Protein chains: 2
Amino acid sequence: MVKDTKTALLDSAEAAARRVGFDGFSYADLAQDVGIRKASIHHHFPSKATLSGALMARYARRMEAACADIDAARGTGGARLKALVQLYRAALGDGTQLCLCVAFSISRDHLSADTLREVTQFRGITLQWLQTVFALGGSDGSIHAVQDTQIEAASTLALLEGAQLAARTQHDLGRFDMAVSLLEKRISS
Amino acid sequence: MVKDTKTALLDSAEAAARRVGFDGFSYADLAQDVGIRKASIHHHFPSKATLSGALMARYARRMEAACADIDAARGTGGARLKALVQLYRAALGDGTQLCLCVAFSISRDHLSADTLREVTQFRGITLQWLQTVFALGGSDGSIHAVQDTQIEAASTLALLEGAQLAARTQHDLGRFDMAVSLLEKRISS
DNA sequence: GTCTATATTCAGATAGAC
DNA sequence: GTCTATCTGAATATAGAC
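Residues numbered from 1 in each chain as written. Chains lettered and ligands numbered in written order. Predicted model: local features only at pLDDT ≥ 70, side-chain atom pairs only at ≥ 80, totals over all residues. Heavy atoms only, no water.

Thoughts on the protein's contact with DNA strand C
Move 1: Around DNA strand C sit 17 residues, and of these A:K48, B:T5, B:R37, B:S40 and B:H44 come closest.
Move 2: Contacts to DNA strand C include A:K38, whose side-chain N or O atom sits 3.3 Å from a base oxygen.
Move 3: Within the side chain of B:H44, one N or O atom sits 2.6 Å away from a phosphate oxygen of DNA strand C.
Move 4: Going through the elements one at a time, α2 (27–34) and α3 (38–44) of chain A together with α3 (38–44) of chain B are the ones with two or more residues in the surface near DNA strand C.
Move 5: A total of four residues in the surface near DNA strand C trace back to one element, the largest contributor, which is α3(B).
Move 6: A class-by-class count of the residues in the surface near DNA strand C yields seven nonpolar, seven polar and three charged. (Near = heavy atom within 4 Å. Polar contact = N/O pair within 3.5 Å; in protein donor to acceptor, adjacent residues only side chain to side chain. Helix = DSSP H or I, 4+ residues; strand = E, 2+ residues; numbered from the N terminus. Nonpolar A, V, L, I, M, F, W, Y, C, P; charged D, E, K, R; others polar.)

A look at the interface of chain B and chain A
Move 1: Contacts between the two partners involve 40 residues from chain B, matched on the other side by 40 residues from chain A.
Move 2: Of the roughly 3600 Å² buried between chain B and chain A, counting both surfaces, carbon and sulfur atoms make up 60%.
Move 3: For chain B, the biggest contributors to the area lost against chain A are B:I106, B:T169 and B:L182; these three give 18% of the whole.
Move 4: Where chain B touches chain A, the interface holds zero salt bridges.
Move 5: Scanning the region where chain B abuts chain A turns up 10 residue pairs in polar contact (both at pLDDT 80 or more). (Contact = heavy atoms within 4.5 Å. Buried area = accessible area lost by both parts, 1.4 Å probe. Salt bridge = Lys/Arg side-chain N within 4 Å of Asp/Glu carboxyl O.)

A word on the side chain of A:S107
Residues and elements named next belong to chain A.
Move 1: Relative to the elements of secondary structure, S107 occurs in the loop between α6 (100–106) and α7 (113–140).
Move 2: Polar side-chain contacts of S107 include one of 3.3 Å to the backbone nitrogen of F22.
Move 3: Beyond its immediate chain neighbours, meaning those up to four positions away, S107 contacts G21, F22 and D23.

Section: the protein's contact with DNA strand D
Move 1: Around DNA strand D sit 17 residues, and of these A:T5, A:R37, A:S40, A:H44 and B:K38 come closest.
Move 2: Among all atoms of DNA strand D positioned within 4 Å of the protein, those belonging to sugar or phosphate total 63%.
Move 3: Residue A:H44 places a side-chain N or O atom 2.6 Å away from a phosphate oxygen belonging to DNA strand D.
Move 4: Interatomic distance of 2.9 Å between a backbone N/O atom of B:K48 and a phosphate oxygen of DNA strand D.
Move 5: Listed by contribution, the elements that provide at least two residues to the surface near DNA strand D are α3 of chain A together with α2 (27–34) and α3 of chain B.
Move 6: For the surface near DNA strand D, the element with the highest residue contribution is α3(A), accounting for four residues.

Thoughts on the relation of the copies chain B and chain A
Move 1: Screw-axis analysis of chain B against chain A gives a translation of 0.0 Å along the axis, an RMSD of 0.0 Å, and a rotation angle of 180 degrees. In short, the pair behaves as if placed about a two-fold rotation axis. (Least-squares fit on C-alpha atoms with pLDDT ≥ 70 in both.)

Brief notes about helix α1 (residues 5–20) of chain B
Residues and elements named next belong to chain B.
Move 1: Between its first and last C-alpha, α1 extends 22 Å over 16 residues, near the 22 Å set by a 1.5 Å rise per residue.
Move 2: Taken together, the buried positions of α1 are occupied by A8, L9, L10, S12, A13, E14, A16, A17, R18 and V20.
Move 3: Phi for G21, located one or two positions after α1, is positive at around 85 degrees. (Expected span 1.5 Å × (residues − 1). Buried < 20%, exposed > 50% of the residue type's maximum accessible area, 1.4 Å probe, protein only.)

Quick word on the pattern of salt bridges
Move 1: Applying the stated rule across the entire model yields 22 salt bridges over all chains.
Move 2: Its salt-bridge partner being B:K3, residue B:D11 comes within 3.1 Å of it at the nearest N-O pair.
Move 3: Assessed through its relative accessible area of 48%, B:K3 is described here as partly exposed.
Move 4: Put simply, B:E14 and B:R18 hold a salt bridge, and the shortest N to O gap is 2.8 Å. Placement of both B:E14 and B:R18 in helix α1 is noted, with a separation of four residues, approximately one turn of the helix.
Move 5: A relative accessible area of 6% means that B:E14 is categorised as buried.
Move 6: Ionic contacts of the salt-bridge type, sharing partners, join the residues A:K3, A:D11, A:E14, A:R18, A:R58 and A:R62 into one network.

Things to note about the environment of A:A103
Residue and element names in this part refer to chain A.
Move 1: Note on placement: A103 falls in helix α6.
Move 2: By relative accessible area, which is 0% here, A103 ends up buried.
Move 3: Residues A103 and V20, 83 residues apart in the sequence, show an inter-C-alpha distance of 7.9 Å.

Section: the packing of aromatic side chains
Residues and elements named next belong to chain A.
Move 1: For the structure on display, the rule yields six aromatic pairs over all chains.
Move 2: Between F22 and F25, the ring centres sit 5.8 Å apart and the planes meet at 85 degrees, which makes this aromatic pair edge-to-face. An identical accessibility class is assigned to F22 and F25; each is buried.
Move 3: Through successive ring pairs, a cluster of aromatic residues spans F22, F25 and F104.
Move 4: Note that K48 overlies the ring of F25, its terminal NZ or CZ placed 4.5 Å from the centroid. (Phe/Tyr/Trp six-rings, centres within 6.5 Å; stacked < 30°, edge-to-face > 60°. Lys NZ or Arg CZ within 6 Å of the ring centre and 35° of its normal.)

Rendered as structure tokens:
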């Protein structure tokens, strides 16, 4: 089955945004990557702002699905938290990419209000999910020394995003692993 | 005393880069801000790559000085760590700015090799300093449950940078405070 | 050191043929 | 849906007068 053009464009744009930020790529780059002319892109995404909104919306939906998948596959809070750490690690790819949400945080002054709402929603979903995970992990004993779950969620998201930055700055996944190792020590196997 | 043009340009460029990233501002923006014509900027910084290098070099030197100041003013590891957290918090300004190092992490593929070296050096300085602080805080009892100092340093830097991202994404300093509150709880007053 | 003027390249975007 | 052709504005950068 062949990818339709719109999906191909979204895929290409997402990879570019996560590598060089939203201000760092152009329609010309996408056109070359996908194999159509740049004018044709406007048929699918009339403006770059439209594209940014579609990108972030798809990303947020994917995150919701990923969290649901983790919930279905893992029973304890600790196992779920471990899975999320792995998700953020995998998002680094070979160490050149970031989570789209982190990449958009920098370019945020050039994003549409629509897209900003999507970014906020993405963060909200993740934080909410993390809170539940810490509550579960605290009561089932799989995460050590759980304190206020809202604070745990905020700290963990910051740690994961910061660990991505560290890894990406040096193109070295080991930096991510080192930054999250203290968190992982709190999870019982 | 009046600021010389070169310093005014560096100040303006730094603020812009920390607000919208290195790809997010132009010489025209700087010219308007500083009050000269954009062609004149090239006299001080022939290319934007030169500017990025100068920016990061100045930033790294300032960080070294700030760490030295903290060491001179605070005796315990805990007090020094608290001071660094405040430094990162203050760097947010009104919640629209990031640490230059974080901002440059996103635009990194458009930076010169020279500038990238400066970024790496900045991270190295900060990590090294943090390691010493955790070693001190562990032995003087002002930081609770200190483990491997290299890992503590990496985790803390990631947390601080991630906390900045969280605050800046929502233009809300409270997000920073919440993300770092677990870390601060480990410091005895 | 700063200016005007200009070169060049590239950005996002549109019109209209096929 | 994709193309060619084109527009408009803005980017970095240079030449040369003052």
